[in-house]
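What follows is the residue order along each chain.
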Amino acid sequence: MSTFTSVPTAEPQIVRIRVDRGYRPAQSVAQANVPLRLVFQRRDAEHCTERVIFSSPHIERRLVANGTTVIDLPAQPPGVLRFTCGMGRYRGEIEIAGHRAALVPRARIVLMIATGAAVFALLVTTGALQLEPAAGVAVLVGGAPAAFTVASRRVALRPAKQS
Ligand SMILES: [Cu+2]
């Protein structure tokens, strides 16, 4: 696939999280190796959401009631940043993706993999995919577009799984 290039830049990527008796979205995706600016927009004045606590790196901040609090983080390695409110009742996470392609929501990646698998299975079962190198390539070139059309239609007919 494409090559990930780390772009050194002063411009942080911005992740906005609304705080209103919980975190919305509770799951965000950001890119690794780029400074990260978290903008917490608090729409409540509950005692519970007054503090936000990140486990690693350990950060604890007070969030302004009915206001905006910005938390700047240095570039993060790939992984997951987890945070909770002061009592651990509300939880959120930010997936730090090491690859640009991973910025696509997980549900869509699952669909792409499913489509790929369906195409492959179709090519094998219809005999379009043959393992004789020279002839196989020729048949594959002819059969792939048709198989892909059928496979993508099949995938599209299935309702996407909601997590
Ligand atoms: Cu709480």
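The rules we used
- Residues numbered from 1 in each chain as written.
- Predicted model: local features only at pLDDT ≥ 70, side-chain atom pairs only at ≥ 80, totals over all residues.
- Helix = DSSP H or I, 4+ residues; strand = E, 2+ residues; numbered from the N terminus.
- Buried ≥ 20, exposed ≤ 12 C-beta atoms within 10 Å, placed from the backbone.
- Contact = placed C-beta atoms within 7 Å.
- Core = buried A, V, L, I, M, F, W, Y, C linked by C-beta atoms within 7 Å.
- Pairing = 2+ DSSP bridges.
- Axes fitted to C-alpha atoms, helices over the stretch in contact; angles between N-to-C directions.
- pLDDT = per-residue confidence, 0-100.

Novice: Got a minute to help me understand the overall build of the protein in this structure?
Specialist: Counting secondary structure elements, the protein contains 2 helices and 9 strands. Going from N to C terminus, the protein has its helices and strands arranged as β-β-β-β-β-β-β-β-β-α-α. Burial statistics for the protein: of 163 residues in total, 14% are counted as buried. Considering only contacts in the protein between residues 6 or more positions apart, those separated by 24 or more positions represent 57%.

Novice: I tried to follow the nonpolar core on my own but got confused; where do I start?
Specialist: The tendency in soluble globular proteins is for nonpolar side chains to be buried side by side. Grouped together as the largest cluster of nonpolar side chains are 14 residues, with contacts concentrated most on Ile17, Val19, Phe40 and Val52. Looking at this core, the elements that each hand over two or more residues are strand E1 (13-19), strand E4 (36-42), strand E8 (79-85) and strand E9 (91-97). Those residues in contact with Val52 that sit more than four places away from it in its chain are Phe40, Arg61, Leu63, Phe83 and Cys85.

Novice: Would you take a moment to explain the sheet that holds strand E5 (residues 51-54) for this structure?
Specialist: Picture the strands of a sheet paired through backbone hydrogen bonds; they go either parallel or antiparallel. Taken together, 5 strands build an open sheet; the order of strands is E3-E9-E8-E5-E6 and the sheet is mixed. Unpaired on one side and paired on the other, strand E3 (27-31) and strand E6 (59-62) mark the two borders of the sheet. With direction set aside, neighbouring strand axes in the sheet form an average angle of 20°. As paired elements, E3 and E9 share 5 bridges and run parallel to each other. Note that in E9 the partner of Gln27 across the bridge is Glu93.

Novice: How should I be thinking about the confidence of the model for the protein in this particular structure?
Specialist: Should the pLDDT be low somewhere, the predicted coordinates at that spot are not to be read in detail. On average, residues of the protein score 77 in pLDDT, and 59% of them reach the 70 mark or higher. Below a pLDDT of 50 lies the segment residues 1-5, which in the model reaches 6 contacts outside its immediate sequence neighbourhood of four places, other chains included. Every residue in residues 149-163 is under pLDDT 50, and counting partners more than four places away or in other chains gives 13 contacts.

Novice: What exactly am I supposed to notice about the sheet that holds strand E2 (residues 23-24) here?
Specialist: Strand order in this open sheet of 4 strands is E2-E1-E4-E7, and the pairing throughout is mixed. With partners counted over all chains shown, the strands left at the sheet margins are E2 and strand E7 (68-73), one partner each.

Novice: Help me understand unusual backbone geometry in this model?
Specialist: Trans is the common state for peptide bonds, and a negative phi is the common state for residues other than glycine. Cis geometry marks the peptide bond from Arg24 to Pro25; its omega dihedral reads -5°. As for its position among the elements, Pro25 is in the loop between E2 and E3. Notably, Arg21 is not glycine yet its phi reads approximately 50°, a positive angle. In this structure, Arg21 sits in the loop between E1 and E2. For Arg21, a count of 13 C-beta atoms within 10 Å corresponds to the partly exposed category. Positive phi is not limited to glycine here, since Asn66 has a value of about 50°. Position of Asn66 relative to the elements: it lies in the loop between E6 and E7.

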